[in-house]
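In case you want the letters, here they are:
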Amino acid sequence: MTALPKRQQNRILRERRILDAALVVFSQKGFVSASMDDIAAEAGLTKPTLYQYFPSKDELFTAMMTEERDHMLESFEYPSASGMVAELYAFSWHYADVVLRPDMLNLARLIIGEAQRLPDIGRAYQASGPDRVLAGMIAYLERQRAAGLIVFDDAELAAEDLWGLILSAPRNRALHIPDAVPDHTTIERYIRNGLRVFLRAYSTAPDKDLATLSSLTPPPATETE
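Not measured: the values here are computed from a predicted model. (Residues numbered from 1 in each chain as written. Predicted model: local features only at pLDDT ≥ 70, side-chain atom pairs only at ≥ 80, totals over all residues. Heavy atoms only, no water.)

It is worth spelling out the overall build of the protein at this point. Within the protein, the regular secondary structure consists of twelve helices and zero strands. Shown N-terminal to C-terminal, the secondary structure of the protein runs as helices and strands in the order α-α-α-α-α-α-α-α-α-α-α-α. What you see for the protein is a C-alpha radius of gyration of 19 Å, in line with the 17 Å of a compact globule of 225 residues. Dimensions along the principal axes, computed over C-alpha positions, put the protein at roughly 60 × 50 × 35 Å. (Helix = DSSP H or I, 4+ residues; strand = E, 2+ residues; numbered from the N terminus. Rg over C-alpha atoms; globule rule 2.2 N^0.38 Å.)

Below, the discussion takes up a negative patch on the surface. Together, Asp131, Asp153, Asp154, Glu156, Glu160 and Asp161 make up a region of like negative charge exposed at the surface. Top element by residues in the negative patch is helix H10 (residues 155-176). It accounts for three residues. By secondary structure assignment, the location of Asp131 is in helix H9 (residues 130-146). Exposure remark for Asp131: the relative accessible area of 36% places this residue in the partly exposed category. (Patch = residues over 30% accessible without salt bridge, like charges linked within 9 Å, V, L, I, M, F, W, Y side chains within 5 Å. Areas by Shrake-Rupley, 256 points an atom, 1.4 Å probe, with all protein chains shown as cover. Salt bridge = Lys/Arg side-chain N within 4 Å of Asp/Glu carboxyl O. Lys, Arg positive; Asp, Glu negative; His and termini not counted. Charge placed at Lys NZ, Arg CZ, Asp CG, Glu CD. Buried < 20%, exposed > 50% of the residue type's maximum accessible area, 1.4 Å probe, protein only.)

Within the structure shown, the criterion is met by seven aromatic pairs. Ring plane angle 40° and centroid distance 4.8 Å describe the contact between Phe198 and Tyr202, whose orientation is recorded as tilted. Placement of both Phe198 and Tyr202 in helix H11 (residues 184-202) is noted, with a separation of four residues, approximately one turn of the helix. With relative accessibility at 1%, the residue Phe198 sits in the buried group. Classification of Tyr202 by relative accessible area gives buried; the value is 13%. One aromatic cluster in this structure is built from Phe26, Phe31 and Phe61. The lysine or arginine in question, Lys57, covers the ring of Phe31, its NZ or CZ lying 4.5 Å from the ring centre. The ring centre of Tyr190 lies 5.3 Å from the NZ or CZ of Arg189, which sits over that ring. (Phe/Tyr/Trp six-rings, centres within 6.5 Å; stacked < 30°, edge-to-face > 60°. Lys NZ or Arg CZ within 6 Å of the ring centre and 35° of its normal.)

Note on placement: Tyr89 falls in helix H6 (residues 84-99). Overall, Tyr89 belongs to the buried group, its relative accessible area being 5%. It is 30 Å that separates the C-alpha atoms of Tyr89 and Leu60, two residues lying 29 residues apart in sequence. Beyond its immediate chain neighbours, meaning those up to four positions away, Tyr89 contacts Glu188, Ile191, Arg192, Leu195, Leu213, Leu216, Thr217 and Pro218. Within polar-contact distance, the side chain of Tyr89 engages the side chain of Glu188 at 2.7 Å. (Contact = heavy atoms within 4.5 Å. Polar contact = N/O pair within 3.5 Å; in protein donor to acceptor, adjacent residues only side chain to side chain.)

Glancing now at the packing of helix H1 (residues 6-33) against helix H4 (residues 57-72). Two quantities define a packed helix pair, namely the angle between the helix axes and the distance between the axes. It is the contact of H1 with H4, at a shortest axis distance of 10 Å, that shows an interaxial angle of 105°. As the angle between them shows, H1 and H4 are arranged roughly perpendicular. Residues Arg16, Ile18, Leu19, Ala22, Leu23, Phe26, Phe31 and Val32 of H1 pack against Lys57, Asp58, Leu60, Phe61, Ala63, Met64, Glu67 and Glu68 of H4. (Axes fitted to C-alpha atoms, helices over the stretch in contact; angles between N-to-C directions. Parallel < 35°, antiparallel > 145°, perpendicular 65-115°, else oblique.)

Next up, the structure:
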């Protein structure tokens, strides 16, 4: 594999710094109060340099949310030889890793607080984050239906069921009670139960898929869990 030119490597690293800084600032101040000056300072860059990468706060916010979406959908974008059940399980953990992070929970709280007064902010968050994740889930489930592994009439409703089953209750609790973020064992309990219900409802071979699910082990807990 040919190494990237040094200039291109530096650009990638600088963009990474900007996106990391943007998440810090947006999660602390919300979309409205965050400024490009704040983000440039957090990234250790000048504002003109920041604008070379992202011409507006809107574009930077979208890029930041898109990156989080891509992390959640990795298991669907790069299928493994382990099959659908393992991919659904991996997706569930990627999803949990993102949406239960303190910075992402805080960002969601701030956006919700701004949405009543400035509904365009809520729409921008929904369009750049949750809606894009949902579209990726729908595309994945449609591929599994085409392969004869699951059956449903409405792909969107099937995706919403999956989303709701695996983690909606503990995430909603964590959104409203900041010190109620679930631990690793609780996340596993919800994910495994949610996937059991989903597979019983949609799988064309539920007994086989449930047995596969039982054989899977969760990823190791991180230091923050």
